[in-house]
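Coordinates in review
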Amino acid sequence: VLGLVLKSDVLIKLEVLWLNYNHLGDDGAIELALAVGSGSMPRLRKLELRHGEIGDAGLRALSHATCTGSGALKKLETLDLSENRIGDGGVCAFASALTTGALPRLSLLDLDDNEIGAAGVYALMAAAAHKKLSRLEWLNLRRNDFGREGAIVLARHCRRLLPSLRELWDVP
């Protein structure tokens, strides 16, 4: 059913998509990625996928979709991926997409309660080093698995690499 809705023309004016607690899983995230990649939501400013059981495959698909030539999600400001099953593989794909210029307006990124390790934190900081997170004001990395190593990376690099950051939640 989600696939049919995502393929309809009604999404062209959509600015907020709230799919929290819908247990999309990777399959649902891949369906969403196909719609995003087709350019069917050019006005989307806020995408909420909290508690969707999305893992690395789902975030990889979404990340790839944002790199398409259709300008997918160029207006997105808020991305909530909290309470999922996203690990380093998904975050590394996401960070790679950011370095290509995906999501240039992103100001709020919520990755709370996932499975992100230190490699994921390094990848996000690498995207920031490419000046691709310069508008990010709010970052939530609480309840992840990056431990002391990831916390040190954040402490050393956030101020310099994320100049707009006002709020950081980073307790692993």
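For the structure given in this document, a descriptive report is provided here. Nothing here was measured: the structure is a model prediction, and the numbers come from that model.

Membership of the largest hydrophobic core comes to 51 residues, with the highest contact counts inside it found for Leu-32, Leu-49, Leu-79, Phe-94, Leu-103, Leu-109 and Leu-162. Those elements giving two or more residues to this core turn out to be α2 (25-37), α3 (56-65), α4 (88-99), α5 (118-129) and α6 (147-161). At six residues, the largest contribution of residues to this core is made by α5. If we ignore the near neighbours within four places in the chain, the residues touching Leu-79 are Leu-47, Phe-94, Leu-103, Leu-106, Leu-108, Leu-109 and Asp-110.

Assignment of secondary structure puts Asn-84 in the loop between β3 (78-80) and α4. Reaching out from Asn-84, the side chain makes a polar contact with the backbone oxygen of Leu-81 at a distance of 2.9 Å. Apart from the residues lying within four places of it in its own chain, the contact partners of Asn-84 are Leu-49, Arg-50, His-51, Gly-52, Glu-53, Ile-54, Asp-113 and Asn-114.

On to a nonpolar patch on the surface. There is a patch of nonpolar side chains on the surface, built from Val-16, Trp-18 and Tyr-21 and spanning about 330 Å² of accessible area. When you line up the elements, Tyr-21 lands in the loop between β1 (16-18) and α2. For Tyr-21, a relative accessible area of 43% puts it in the partly exposed group.

Here we take up the pattern of salt bridges. What the rule picks out here adds up to six salt bridges. Notably, a salt bridge pairs Glu-48 with Lys-46, separated by 3.3 Å at the nearest N-O pair. Overall, the relative accessible area of 12% leaves Glu-48 in the buried class. Two residues, Asp-112 and Arg-143, come together in a salt bridge whose shortest N-O distance is 2.6 Å. Here Asp-112 is found in the loop between β4 (108-110) and α5, whereas its partner Arg-143 is found in the loop between β5 (138-140) and α6, with 31 residues between them in sequence. Asp-112 gets classed as buried once you look at its relative accessible area, which sits at 4%.

Attention now moves to α5. The end-to-end C-alpha distance of α5 is 16 Å, a good match for the 16 Å that twelve residues give at a rise of 1.5 Å each. If you check which residues of α5 are buried, you get Ala-118, Gly-120, Val-121, Ala-123, Leu-124, Met-125, Ala-127 and Ala-128. Looking at the packing, one finds that the buried side of α5 touches α4, β4 and α6. Just downstream of α5, Lys-131 is the residue with a positive phi angle, here 60°.

On to the packing of α5 against α6. Closest axis-to-axis distance for the α5/α6 pair is 9 Å, and the angle between their directions is 10°. In this view, α5 runs roughly parallel relative to α6, as classed from their interaxial angle. Along the contact surface, α5 presents Ala-118, Val-121, Tyr-122, Met-125, Ala-128 and Ala-129, while α6 presents Glu-149, Gly-150, Val-153, Leu-154, His-157, Cys-158 and Leu-161. Among the residues making up the contact of α5 with α6, the classes are represented as ten nonpolar, two polar and one charged.

Spatially, β1-β2-β3-β4-β5-β6 is the arrangement adopted by the six strands of the open sheet, whose pairing is parallel. The strands lining the two open edges of the sheet, one partner per strand, are β1 and β6 (167-169). When the angles between neighbouring strand axes are averaged without regard to direction, this sheet yields 5°. Here β1 runs beside strand β2 (residues 46-48); their pairing, made up of three bridges, is parallel. Across the sheet, Leu-17 pairs through a bridge with Leu-47, a residue of β2.

What counts and what doesn't
- Residues numbered from 1 in each chain as written.
- Predicted model: local features only at pLDDT ≥ 70, side-chain atom pairs only at ≥ 80, totals over all residues.
- Heavy atoms only, no water.
- Core = buried A, V, L, I, M, F, W, Y, C linked by side-chain atoms within 4.5 Å.
- Buried < 20%, exposed > 50% of the residue type's maximum accessible area, 1.4 Å probe, protein only.
- Helix = DSSP H or I, 4+ residues; strand = E, 2+ residues; numbered from the N terminus.
- Contact = heavy atoms within 4.5 Å.
- Polar contact = N/O pair within 3.5 Å; in protein donor to acceptor, adjacent residues only side chain to side chain.
- Patch = residues over 30% accessible without salt bridge, like charges linked within 9 Å, V, L, I, M, F, W, Y side chains within 5 Å.
- Areas by Shrake-Rupley, 256 points an atom, 1.4 Å probe, with all protein chains shown as cover.
- Salt bridge = Lys/Arg side-chain N within 4 Å of Asp/Glu carboxyl O.
- Expected span 1.5 Å × (residues − 1).
- Axes fitted to C-alpha atoms, helices over the stretch in contact; angles between N-to-C directions.
- Parallel < 35°, antiparallel > 145°, perpendicular 65-115°, else oblique.
- Nonpolar A, V, L, I, M, F, W, Y, C, P; charged D, E, K, R; others polar.
- Pairing = 2+ DSSP bridges.

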